[in-house]
Amino acid sequence: MNASLATLLPVMLVTSLAAVYAHARLARFTGSAAGARPVRALLLSGGLAFAAITALLFARAPLVQAAIAATSFGVVHVPAACLLALKGLRDRESRS
C-alpha cells in the first residue's frame, strides 16, 4: 500500500458514510419516496460522473483508481448529508 492510498482510505470511509447517510435520510425530508427519486438520481449521476473523471485523471493503478472513485462519489454527497443533518437537528430542536 503506497502512502497516497493509506491517506485516502480514511477520507473514503467518511465520504462513503456521507453518501449512505444522505440516501438513507433523503425520503424523510422530501415527503415521500417518489419525491426523493429525482434528488437521488441527481446525486447518483453527479457522483458517478465525478468519480469516473477523477479516477481517470488522477491515478494509474487500479486500486488507487477505485479508492479515488469511491472518495469522489462520496464527496458529491457531503453537502447533501450536511444539509440533511442540519435539518434533522432543527427538527429535534423544534420538538423540544
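Note on numbering: residues in each chain are counted from 1, in written sequence order. Per-residue local features are limited, in this predicted model, to residues with pLDDT of at least 70; the limit for side-chain atom pairs, both in listing and counting, is 80 or more; totals at the level of whole chains, interfaces and linings are taken over all residues. Think of the side-chain values as coming from all heavy atoms in the structure, minus any hydrogens and water.

### Re the packing of helix H2 (residues 33-58) against helix H3 (residues 62-95)
Then step 1. Helix axes are fitted to C-alpha atoms over the stretch in contact, other axes to C-alpha atoms as well, and angles between N-to-C directions run from 0 to 180 degrees. Numbering goes from the N terminus for both helices and strands, where a helix is a DSSP run of H or I of at least four residues and a strand is a run of E of at least two. Remark: H2 packs on H3, axes separated minimally by 8 Å, with the N-to-C direction vectors making an angle of 145 degrees. Crossing hand, H2 versus H3: right-handed. Counted together, Leu-43, Leu-44, Gly-46, Gly-47, Leu-48, Phe-50, Ala-51, Thr-54, Ala-55, Leu-56 and Phe-58 of H2 and Gln-65, Ile-68, Ala-69, Ser-72, Phe-73, Val-75, Val-76, His-77 and Ala-80 of H3 form the full contact between these two elements. For any helix crossing, the convention is left-handed if the near helix is rotated counterclockwise from the far helix by under a right angle, and right-handed if that rotation is clockwise. The criterion used for residue contact is that any of the two residues' heavy atoms lie within 4.5 Å.

### Some words on the environment of Leu-26
Then step 1. Among the structural elements, Leu-26 can be located in helix H1 (residues 3-30).
Then step 2. Judged by its relative accessible area of 5%, Leu-26 falls in the buried class.
Then step 3. On a C-alpha basis, the gap between Leu-26 and Val-39 in space is 8.2 Å, while along the polypeptide they are 13 residues apart.
Then step 4. The contacts of Leu-26, once residues within four sequence positions are left out, are Ala-36, Val-39, Arg-40, Leu-43 and Leu-84. Working definition: with a 1.4 Å probe on protein chains only, accessible area under 20% of the residue-type maximum means buried, over 50% means exposed, and in between means partly exposed.

### Considering H3
Then step 1. A helix is expected to reach a length of 1.5 Å times the quantity of its residues less one. Here H3 spans 49 Å end to end across 34 residues, near enough to the 50 Å set by a 1.5 Å rise per residue.
Then step 2. Note on bend: the value at a residue is the angle between axes fitted to the seven residues ending there and to the seven starting there. Taken as a whole, H3 carries its principal kink of about 35 degrees at His-77; the proline Pro-79 stands between one and four residues after it.
Then step 3. Of the residues making up H3, those classed as buried are Val-64, Ala-67, Ile-68, Ala-69, Thr-71, Ser-72, Gly-74, His-77, Ala-80, Ala-81, Leu-84 and Gly-88.

### So, H2
Then step 1. In a regular helix each residue adds 1.5 Å, so 26 residues correspond to 38 Å; H2 covers 36 Å between its end C-alpha atoms and thus fits that length.
Then step 2. Looking at H2, one finds that the buried residues are Ala-36, Leu-43, Gly-47, Ala-51, Thr-54 and Ala-55.

### Focus: a nonpolar patch on the surface
Then step 1. Residues enter patches when their relative accessible area tops 30% and they take part in no salt bridge; the joining distance is 9 Å for like charges and 5 Å for the nonpolar side chains Val, Leu, Ile, Met, Phe, Trp and Tyr. Per-residue and other accessible areas follow the Shrake-Rupley method at a 1.4 Å probe size, with only the shown protein chains counted as cover for residues. Criterion for a salt bridge: a side-chain nitrogen of Lys or Arg within 4 Å of a carboxyl oxygen of Asp or Glu. A contiguous nonpolar patch, built from Ile-53, Leu-57 and Phe-58 and spanning about 360 Å² of accessible area, is present on the exposed surface.
Then step 2. Residue position: Ile-53 is located in helix H2.

Geometric descriptors of this kind do not, in isolation, establish any biological role.
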